[in-house]
Amino acid sequence: MPEPYDVITMGRIGVDLYPLEVGVPLARVETFGKFLGGSPANVAVAAARQGRRTALITRTGQDPFGAYLHQELERFGVDPRWATAVAEYPTPVTFCEIFPPDDFPLYFYRQPKAPDLEIHAPDLDLDAVRHARIFWMTGTGLSAEPSRSATLAALRARSESAARADRPAGADRTATVFDLDWRPMFWDGGDHSTVAPARYREALAHATVAVGNVDECAIATGEREPYAAARALLAAGVELAVVKQGPKGVLAVHRDGTTADCPPLPVEVVNGLGAGDAFGGALCHGLLAGWPLDRLVQYANAAGAIVASRLACSSAMPFPDEVEGALAAGAVTADPGAPTGPRTGAGS
(Lines give C-alpha, C1' and ligand atoms only; values in the text may rest on other atoms or scores of the structure.)
Protein backbone atom coordinates (compact mmCIF):
# COMPACT_ATOMS: atom_id res chain seq x y z
CA MET A 1 0.00 0.00 0.00
CA PRO A 2 1.23 3.58 -0.70
CA GLU A 3 2.55 5.63 2.20
CA PRO A 4 -0.37 6.93 4.30
CA TYR A 5 -1.19 10.62 4.18
CA ASP A 6 -0.52 12.70 7.24
CA VAL A 7 -3.81 14.54 6.79
CA ILE A 8 -6.86 13.96 4.62
CA THR A 9 -9.60 16.58 4.82
CA MET A 10 -13.07 16.23 3.31
CA GLY A 11 -15.71 18.72 2.26
CA ARG A 12 -16.20 22.31 1.24
CA ILE A 13 -14.21 24.09 -1.47
CA GLY A 14 -14.83 27.23 -3.50
CA VAL A 15 -13.38 30.43 -4.85
CA ASP A 16 -13.01 33.32 -2.41
CA LEU A 17 -13.43 36.70 -4.10
CA TYR A 18 -12.22 39.02 -1.38
CA PRO A 19 -12.04 42.82 -1.63
CA LEU A 20 -8.60 44.33 -1.77
CA GLU A 21 -10.07 47.41 -0.09
CA VAL A 22 -10.42 47.32 3.70
CA GLY A 23 -13.34 49.07 5.36
CA VAL A 24 -15.31 49.50 2.12
CA PRO A 25 -18.86 48.10 1.70
CA LEU A 26 -19.16 45.43 -0.96
CA ALA A 27 -21.39 47.64 -3.10
CA ARG A 28 -18.53 50.14 -3.45
CA VAL A 29 -15.58 47.74 -3.77
CA GLU A 30 -13.81 47.98 -7.13
CA THR A 31 -10.91 45.53 -6.78
CA PHE A 32 -10.98 41.91 -5.66
CA GLY A 33 -8.46 39.13 -5.14
CA LYS A 34 -9.21 35.54 -6.15
CA PHE A 35 -8.22 32.78 -3.71
CA LEU A 36 -8.82 29.11 -3.03
CA GLY A 37 -11.38 28.86 -0.22
CA GLY A 38 -13.61 26.53 1.77
CA SER A 39 -12.73 25.48 5.31
CA PRO A 40 -11.51 21.88 4.68
CA ALA A 41 -9.49 23.12 1.69
CA ASN A 42 -7.91 25.83 3.85
CA VAL A 43 -7.10 23.33 6.61
CA ALA A 44 -5.40 21.08 4.05
CA VAL A 45 -3.31 24.02 2.82
CA ALA A 46 -2.48 25.01 6.40
CA ALA A 47 -1.27 21.49 7.20
CA ALA A 48 0.76 21.36 3.98
CA ARG A 49 2.42 24.66 4.95
CA GLN A 50 3.52 22.89 8.14
CA GLY A 51 5.31 20.29 6.02
CA ARG A 52 2.60 17.61 6.19
CA ARG A 53 1.58 15.31 3.34
CA THR A 54 -2.04 16.24 2.71
CA ALA A 55 -4.97 15.49 0.42
CA LEU A 56 -8.51 16.80 0.04
CA ILE A 57 -11.69 14.89 -0.81
CA THR A 58 -14.06 17.31 -2.51
CA ARG A 59 -15.83 18.18 -5.75
CA THR A 60 -15.89 21.31 -7.91
CA GLY A 61 -17.84 22.42 -10.92
CA GLN A 62 -16.65 21.40 -14.37
CA ASP A 63 -15.77 24.97 -15.21
CA PRO A 64 -12.81 27.39 -15.22
CA PHE A 65 -13.15 28.10 -11.49
CA GLY A 66 -12.98 24.35 -10.83
CA ALA A 67 -9.80 24.14 -12.91
CA TYR A 68 -8.38 27.06 -10.94
CA LEU A 69 -9.05 25.33 -7.60
CA HIS A 70 -7.39 22.13 -8.81
CA GLN A 71 -4.32 24.14 -9.84
CA GLU A 72 -4.23 25.97 -6.51
CA LEU A 73 -4.37 22.74 -4.52
CA GLU A 74 -1.36 21.48 -6.47
CA ARG A 75 0.45 24.80 -6.04
CA PHE A 76 0.00 24.65 -2.27
CA GLY A 77 1.16 21.04 -2.04
CA VAL A 78 -2.26 19.43 -1.44
CA ASP A 79 -2.91 16.23 -3.43
CA PRO A 80 -5.97 16.98 -5.64
CA ARG A 81 -6.60 13.43 -6.89
CA TRP A 82 -9.96 13.28 -5.06
CA ALA A 83 -11.03 16.78 -6.14
CA THR A 84 -13.31 15.69 -8.97
CA ALA A 85 -15.67 17.65 -11.22
CA VAL A 86 -19.48 17.72 -11.29
CA ALA A 87 -21.00 18.79 -14.60
CA GLU A 88 -24.40 19.72 -13.17
CA TYR A 89 -23.39 22.44 -10.70
CA PRO A 90 -21.11 25.50 -10.87
CA THR A 91 -18.11 25.94 -8.61
CA PRO A 92 -19.21 28.03 -5.60
CA VAL A 93 -17.92 31.54 -5.01
CA THR A 94 -17.83 33.47 -1.74
CA PHE A 95 -17.59 37.23 -1.21
CA CYS A 96 -16.82 39.01 2.04
CA GLU A 97 -16.59 42.49 3.46
CA ILE A 98 -13.63 43.50 5.62
CA PHE A 99 -14.29 45.77 8.59
CA PRO A 100 -11.55 45.15 11.18
CA PRO A 101 -11.28 44.19 13.93
CA ASP A 102 -14.34 41.95 14.17
CA ASP A 103 -16.86 42.44 11.33
CA PHE A 104 -16.36 40.22 8.27
CA PRO A 105 -19.72 39.39 6.64
CA LEU A 106 -19.69 36.43 4.24
CA TYR A 107 -21.87 35.97 1.18
CA PHE A 108 -22.02 32.39 -0.12
CA TYR A 109 -23.13 31.56 -3.67
CA ARG A 110 -23.76 27.80 -3.57
CA GLN A 111 -27.01 27.42 -5.53
CA PRO A 112 -28.74 25.38 -6.81
CA LYS A 113 -26.34 23.02 -4.99
CA ALA A 114 -22.65 23.03 -4.21
CA PRO A 115 -20.63 20.31 -5.98
CA ASP A 116 -18.82 19.50 -2.71
CA LEU A 117 -22.13 18.14 -1.40
CA GLU A 118 -22.15 15.63 -4.28
CA ILE A 119 -19.50 13.36 -2.73
CA HIS A 120 -20.79 9.77 -2.99
CA ALA A 121 -19.84 7.00 -0.57
CA PRO A 122 -19.10 4.36 -3.28
CA ASP A 123 -16.52 6.71 -4.83
CA LEU A 124 -14.46 7.12 -1.64
CA ASP A 125 -11.01 5.57 -1.37
CA LEU A 126 -11.75 4.10 2.03
CA ASP A 127 -8.34 2.46 2.28
CA ALA A 128 -6.69 5.88 2.08
CA VAL A 129 -9.18 7.28 4.61
CA ARG A 130 -8.58 4.38 7.01
CA HIS A 131 -4.81 4.73 6.89
CA ALA A 132 -4.47 8.53 7.00
CA ARG A 133 -2.88 9.59 10.25
CA ILE A 134 -5.50 12.34 10.58
CA PHE A 135 -8.91 12.45 8.90
CA TRP A 136 -10.69 15.82 9.12
CA MET A 137 -14.41 16.24 8.37
CA THR A 138 -16.91 19.04 8.98
CA GLY A 139 -20.46 19.75 10.03
CA THR A 140 -21.24 21.10 6.57
CA GLY A 141 -20.50 17.64 5.18
CA LEU A 142 -23.47 16.37 7.19
CA SER A 143 -25.86 19.01 5.86
CA ALA A 144 -27.16 17.27 2.72
CA GLU A 145 -27.10 14.01 0.79
CA PRO A 146 -25.12 12.32 -0.65
CA SER A 147 -22.34 14.08 1.29
CA ARG A 148 -23.90 13.11 4.62
CA SER A 149 -23.83 9.38 3.85
CA ALA A 150 -20.33 9.63 2.39
CA THR A 151 -19.01 11.46 5.46
CA LEU A 152 -20.55 8.92 7.82
CA ALA A 153 -19.19 6.06 5.69
CA ALA A 154 -15.68 7.51 6.02
CA LEU A 155 -16.11 7.89 9.78
CA ARG A 156 -17.40 4.34 10.17
CA ALA A 157 -14.46 3.02 8.16
CA ARG A 158 -12.09 4.78 10.53
CA SER A 159 -13.86 3.41 13.61
CA GLU A 160 -14.11 -0.15 12.32
CA SER A 161 -10.46 -0.21 11.32
CA ALA A 162 -9.37 1.21 14.69
CA ALA A 163 -11.20 -1.60 16.47
CA ARG A 164 -9.42 -4.33 14.54
CA ALA A 165 -6.75 -6.24 16.41
CA ASP A 166 -5.03 -7.08 13.11
CA ARG A 167 -4.71 -3.49 11.95
CA PRO A 168 -2.11 -3.26 9.15
CA ALA A 169 1.40 -2.09 9.92
CA GLY A 170 1.80 1.65 9.41
CA ALA A 171 -1.79 2.39 10.36
CA ASP A 172 -0.66 4.62 13.22
CA ARG A 173 -3.61 6.97 13.14
CA THR A 174 -3.39 10.01 15.35
CA ALA A 175 -6.92 11.46 15.17
CA THR A 176 -10.30 11.59 13.51
CA VAL A 177 -11.24 15.26 13.78
CA PHE A 178 -14.79 16.61 13.65
CA ASP A 179 -14.74 20.33 12.84
CA LEU A 180 -18.18 21.32 14.14
CA ASP A 181 -18.41 24.01 11.40
CA TRP A 182 -22.03 25.17 11.83
CA ARG A 183 -23.44 26.94 8.73
CA PRO A 184 -27.24 26.73 9.01
CA MET A 185 -27.82 28.22 5.53
CA PHE A 186 -26.24 25.11 3.97
CA TRP A 187 -28.60 22.59 5.55
CA ASP A 188 -31.47 20.86 3.78
CA GLY A 189 -34.99 21.93 4.75
CA GLY A 190 -36.51 21.03 8.07
CA ASP A 191 -36.00 22.04 11.66
CA HIS A 192 -32.26 22.61 11.99
CA SER A 193 -32.54 22.81 15.76
CA THR A 194 -33.45 19.09 15.92
CA VAL A 195 -31.98 17.61 12.73
CA ALA A 196 -28.44 19.01 13.04
CA PRO A 197 -27.82 17.96 16.67
CA ALA A 198 -28.83 14.38 15.84
CA ARG A 199 -26.44 14.29 12.89
CA TYR A 200 -23.69 15.78 15.02
CA ARG A 201 -24.18 13.17 17.74
CA GLU A 202 -23.95 10.41 15.13
CA ALA A 203 -20.65 11.76 13.85
CA LEU A 204 -19.21 12.46 17.30
CA ALA A 205 -19.51 8.77 18.15
CA HIS A 206 -16.80 8.08 15.53
CA ALA A 207 -14.53 11.09 16.14
CA THR A 208 -11.57 11.31 18.52
CA VAL A 209 -11.20 15.13 18.43
CA ALA A 210 -13.94 17.78 18.25
CA VAL A 211 -13.14 21.42 17.42
CA GLY A 212 -15.61 24.29 17.43
CA ASN A 213 -16.53 27.71 18.69
CA VAL A 214 -19.12 28.29 21.40
CA ASP A 215 -22.04 28.50 18.96
CA GLU A 216 -20.97 25.29 17.22
CA CYS A 217 -20.54 23.48 20.52
CA ALA A 218 -24.06 24.55 21.46
CA ILE A 219 -25.45 22.91 18.30
CA ALA A 220 -23.50 19.72 19.02
CA THR A 221 -24.16 19.47 22.75
CA GLY A 222 -26.74 22.04 23.86
CA GLU A 223 -24.06 23.60 26.09
CA ARG A 224 -22.59 27.09 25.68
CA GLU A 225 -20.43 27.38 28.80
CA PRO A 226 -16.98 26.25 27.59
CA TYR A 227 -16.17 23.69 30.30
CA ALA A 228 -19.69 22.24 30.15
CA ALA A 229 -19.46 22.04 26.35
CA ALA A 230 -16.07 20.31 26.53
CA ARG A 231 -17.38 17.76 29.04
CA ALA A 232 -20.41 17.10 26.85
CA LEU A 233 -18.20 16.52 23.80
CA LEU A 234 -16.09 14.06 25.78
CA ALA A 235 -19.26 12.29 26.92
CA ALA A 236 -20.34 12.05 23.28
CA GLY A 237 -17.27 9.95 22.53
CA VAL A 238 -14.27 12.11 21.64
CA GLU A 239 -10.93 12.00 23.43
CA LEU A 240 -10.08 15.70 23.01
CA ALA A 241 -12.51 18.63 23.01
CA VAL A 242 -11.30 22.02 21.73
CA VAL A 243 -13.58 24.99 22.40
CA LYS A 244 -12.62 28.22 20.63
CA GLN A 245 -13.74 31.36 22.48
CA GLY A 246 -12.57 34.17 20.21
CA PRO A 247 -11.02 37.00 22.25
CA LYS A 248 -11.17 34.82 25.37
CA GLY A 249 -8.79 32.24 23.90
CA VAL A 250 -9.11 28.46 23.54
CA LEU A 251 -10.05 25.75 26.02
CA ALA A 252 -8.88 22.19 25.35
CA VAL A 253 -9.82 19.27 27.59
CA HIS A 254 -8.55 15.71 27.16
CA ARG A 255 -10.33 12.62 28.42
CA ASP A 256 -7.32 11.86 30.64
CA GLY A 257 -8.00 15.05 32.60
CA THR A 258 -5.34 17.23 30.97
CA THR A 259 -6.60 20.77 30.38
CA ALA A 260 -5.20 23.77 28.50
CA ASP A 261 -6.90 27.14 28.85
CA CYS A 262 -4.83 29.41 26.63
CA PRO A 263 -5.36 33.14 26.10
CA PRO A 264 -5.22 34.44 22.53
CA LEU A 265 -2.02 35.83 21.10
CA PRO A 266 -2.41 39.62 20.76
CA VAL A 267 -2.94 40.44 17.07
CA GLU A 268 -3.49 43.47 14.89
CA VAL A 269 -6.44 42.14 12.87
CA VAL A 270 -6.78 42.70 9.12
CA ASN A 271 -9.22 39.89 8.23
CA GLY A 272 -10.39 37.34 10.79
CA LEU A 273 -11.69 34.92 8.16
CA GLY A 274 -9.47 31.85 7.85
CA ALA A 275 -7.93 32.14 11.30
CA GLY A 276 -9.86 29.06 12.45
CA ASP A 277 -8.62 27.07 9.47
CA ALA A 278 -5.02 28.04 10.21
CA PHE A 279 -5.68 26.92 13.78
CA GLY A 280 -6.94 23.59 12.41
CA GLY A 281 -3.94 22.94 10.18
CA ALA A 282 -1.55 23.78 13.01
CA LEU A 283 -3.57 21.59 15.37
CA CYS A 284 -3.09 18.68 12.97
CA HIS A 285 0.64 19.38 12.86
CA GLY A 286 0.92 19.40 16.65
CA LEU A 287 -1.16 16.23 17.03
CA LEU A 288 1.11 14.46 14.55
CA ALA A 289 4.16 15.73 16.44
CA GLY A 290 2.78 14.41 19.73
CA TRP A 291 3.08 17.74 21.52
CA PRO A 292 1.75 18.35 25.04
CA LEU A 293 -1.66 19.99 25.10
CA ASP A 294 -0.44 23.44 26.19
CA ARG A 295 2.15 23.56 23.41
CA LEU A 296 -0.38 22.26 20.89
CA VAL A 297 -2.96 24.96 21.64
CA GLN A 298 -0.45 27.79 21.91
CA TYR A 299 1.01 26.91 18.51
CA ALA A 300 -2.42 26.64 16.87
CA ASN A 301 -3.45 29.96 18.46
CA ALA A 302 -0.39 31.65 16.98
CA ALA A 303 -1.07 30.23 13.52
CA GLY A 304 -4.61 31.57 13.67
CA ALA A 305 -3.42 34.99 14.82
CA ILE A 306 -1.01 35.22 11.89
CA VAL A 307 -3.78 34.62 9.35
CA ALA A 308 -6.01 37.15 11.12
CA SER A 309 -3.24 39.69 10.53
CA ARG A 310 -3.36 39.09 6.77
CA LEU A 311 -5.87 39.81 4.00
CA ALA A 312 -6.37 36.37 2.46
CA CYS A 313 -7.06 32.88 3.85
CA SER A 314 -5.45 29.95 2.00
CA SER A 315 -2.50 31.92 0.66
CA ALA A 316 -1.98 33.50 4.11
CA MET A 317 -1.40 30.21 5.94
CA PRO A 318 1.87 30.45 7.89
CA PHE A 319 5.03 28.39 7.70
CA PRO A 320 6.53 26.86 10.88
CA ASP A 321 9.23 29.52 11.31
CA GLU A 322 6.55 32.23 11.16
CA VAL A 323 4.54 30.56 13.90
CA GLU A 324 7.60 30.11 16.09
CA GLY A 325 8.52 33.75 15.47
CA ALA A 326 5.07 34.91 16.56
CA LEU A 327 5.29 32.81 19.72
CA ALA A 328 8.70 34.24 20.50
CA ALA A 329 7.49 37.81 19.90
CA GLY A 330 4.34 37.30 21.97
CA ALA A 331 2.18 39.23 19.48
CA VAL A 332 1.34 39.55 15.76
CA THR A 333 1.27 42.79 13.80
CA ALA A 334 -0.68 43.44 10.61
CA ASP A 335 0.91 41.97 7.48
CA PRO A 336 -1.44 42.35 4.49
CA GLY A 337 1.35 41.46 2.04
CA ALA A 338 1.81 37.87 3.29
CA PRO A 339 3.32 35.03 1.22
CA THR A 340 1.00 33.75 -1.51
CA GLY A 341 2.73 30.63 -2.74
CA PRO A 342 4.92 27.68 -1.79
CA ARG A 343 8.33 28.19 -0.27
CA THR A 344 11.20 25.79 -0.39
CA GLY A 345 12.61 24.55 2.85
CA ALA A 346 9.34 25.04 4.72
CA GLY A 347 7.91 22.39 6.96
CA SER A 348 9.23 20.21 9.74
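Preceding this paragraph is the structure being described.
On a predicted model such as this, the values are computed, not experimentally measured, just so you know.

What am I meant to see in the nonpolar core here?
Generally speaking, nonpolar side chains in soluble globular proteins are found buried as a group. Core analysis: the largest hydrophobic core is formed by 65 residues, its most contacted members being Ile134, Leu240, Leu283 and Leu287. The contact partners of Leu287, leaving out residues within four places of it in the chain, are Ile134, Thr174, Ala175, Val209, Leu240 and Leu296. Counting 40 residues, the second largest nonpolar core, distinct from the first, contains Tyr5, Ala132, Ala196 and Leu233.

How should I be thinking about the packing of aromatic side chains in this particular structure?
Describing an aromatic ring pair means giving the distance of the ring centres and the angle of the ring planes. Counting across every chain of the model gives 10 aromatic pairs. A ring pair is formed by Trp182 and Tyr200, whose centres lie 6.4 Å apart and whose planes are at 80 degrees; its orientation type is edge-to-face. Note that Trp182 is positioned in the loop between strand E10 (175-179) and helix H5 (192-204) and Tyr200 in helix H5, a separation of 18 residues in sequence. Each ring, one from Trp187 and one from Tyr200, has its centre 6.2 Å from the other, and the planes form 35 degrees; the classification is tilted. Taken together, the positions of Trp187 in the loop between E10 and H5 and Tyr200 in helix H5 put the pair 13 residues apart, joining distant regions of the chain. Exposure class is identical for Trp187 and Tyr200. Each is buried. Looking at Arg75, its charged tip hangs above the ring of Phe76, at a distance of 4.6 Å from the centre. Lying over the aromatic face of Trp291, Arg295 brings its terminal NZ or CZ to 4.2 Å of the ring centre.

Looking at this model, I keep getting lost on helix H7 (residues 226-235). Mind explaining?
Residue pairs spaced three or four apart in an α-helix point in one direction, given the helix's 3.6 residues per turn. For H7, every residue scored as buried is listed here: Pro226, Ala228, Ala229, Ala230, Leu233 and Leu234. As for H7, its buried residues are in contact with H5, strand E11 (209-213), helix H6 (214-221), strand E12 (240-244) and strand E13 (250-254). Measuring from the side-chain oxygen of the N-cap residue of H7 to the backbone nitrogen of Tyr227 gives 3.0 Å; that N-cap residue is Glu225. Within two residues after H7, Gly237 carries a phi angle of roughly 130 degrees, on the positive side.

Even after reading the chapter, I still don't get the pairing of strand E4 (residues 54-61), so can you show me in this structure?
Two faces belong to every sheet, and in a regular strand the side chains alternate between them. Across the eight residues that make up E4, a large majority, eight, are buried. In this structure, strand E1 (residues 7-10) lies alongside E4, joined through four bridges in parallel fashion. Paired with Val7 across the strands is Thr54, a residue of E4. Relative to strand E5 (residues 78-79), E4 runs parallel, the two being bridged by two bridges. Residue pairing in the sheet places Ala55 in a bridge with Asp79 of E5. Since E4 and E5 lie parallel, the crossover through helix H2 (residues 64-75) that links them has a hand, and here it is right-handed. Sheet analysis places E4 next to strand E6 (residues 83-86), joined by four bridges and oriented parallel. Counted as the bridge partner of Thr60 is Ala85 from E6.

Would you explain unusual backbone geometry in this entry?
One can expect most non-glycine residues to show negative phi and most peptide bonds to be in trans. The peptide bond linking Pro100 to Pro101 adopts the cis configuration, its omega dihedral lying at 10 degrees. Going from Gln111 to Pro112, the amide bond is cis rather than trans, its omega being 0 degrees. Tracing the backbone through its elements, the reader meets Pro112 in the loop between strand E8 (106-109) and helix H3 (126-131). Even without glycine at this site, Asp181 takes up a positive phi of about 35 degrees. If you trace the backbone, Asp181 turns up in the loop between E10 and H5.

I keep staring at the sheet that holds strand E2 (residues 14-19) and nothing clicks. Help me out?
Whether parallel or antiparallel, the strands of a sheet pair through hydrogen bonds between backbone atoms. Strand order in the open sheet formed by four strands is E3-E2-E7-E8, with mixed pairing between adjacent strands. Strand pairing shows two members of the sheet lacking a second neighbour, strand E3 (32-37) and E8, which therefore form its edges. When strand polarity is set aside, the average angle formed by the axes of neighbouring strands in this sheet is 25 degrees. Note: strand E7 (residues 93-96) against E8, four bridges, orientation antiparallel. Paired with Thr94 across the two strands is Phe108, which belongs to E8. Strands in contact with H2 are E2, E3 and E7; relative to E3, the strand with the most contacts, it is inclined by about 70 degrees.

Cut-offs used in this document
Residues numbered from 1 in each chain as written. Predicted model: local features only at pLDDT ≥ 70, side-chain atom pairs only at ≥ 80, totals over all residues. Heavy atoms only, no water. Core = buried A, V, L, I, M, F, W, Y, C linked by side-chain atoms within 4.5 Å. Buried < 20%, exposed > 50% of the residue type's maximum accessible area, 1.4 Å probe, protein only. Contact = heavy atoms within 4.5 Å. Phe/Tyr/Trp six-rings, centres within 6.5 Å; stacked < 30°, edge-to-face > 60°. Helix = DSSP H or I, 4+ residues; strand = E, 2+ residues; numbered from the N terminus. Lys NZ or Arg CZ within 6 Å of the ring centre and 35° of its normal. Polar contact = N/O pair within 3.5 Å; in protein donor to acceptor, adjacent residues only side chain to side chain. Pairing = 2+ DSSP bridges. Right-handed = clockwise from strand over helix to strand, strands pointing away. Axes fitted to C-alpha atoms, helices over the stretch in contact; angles between N-to-C directions.

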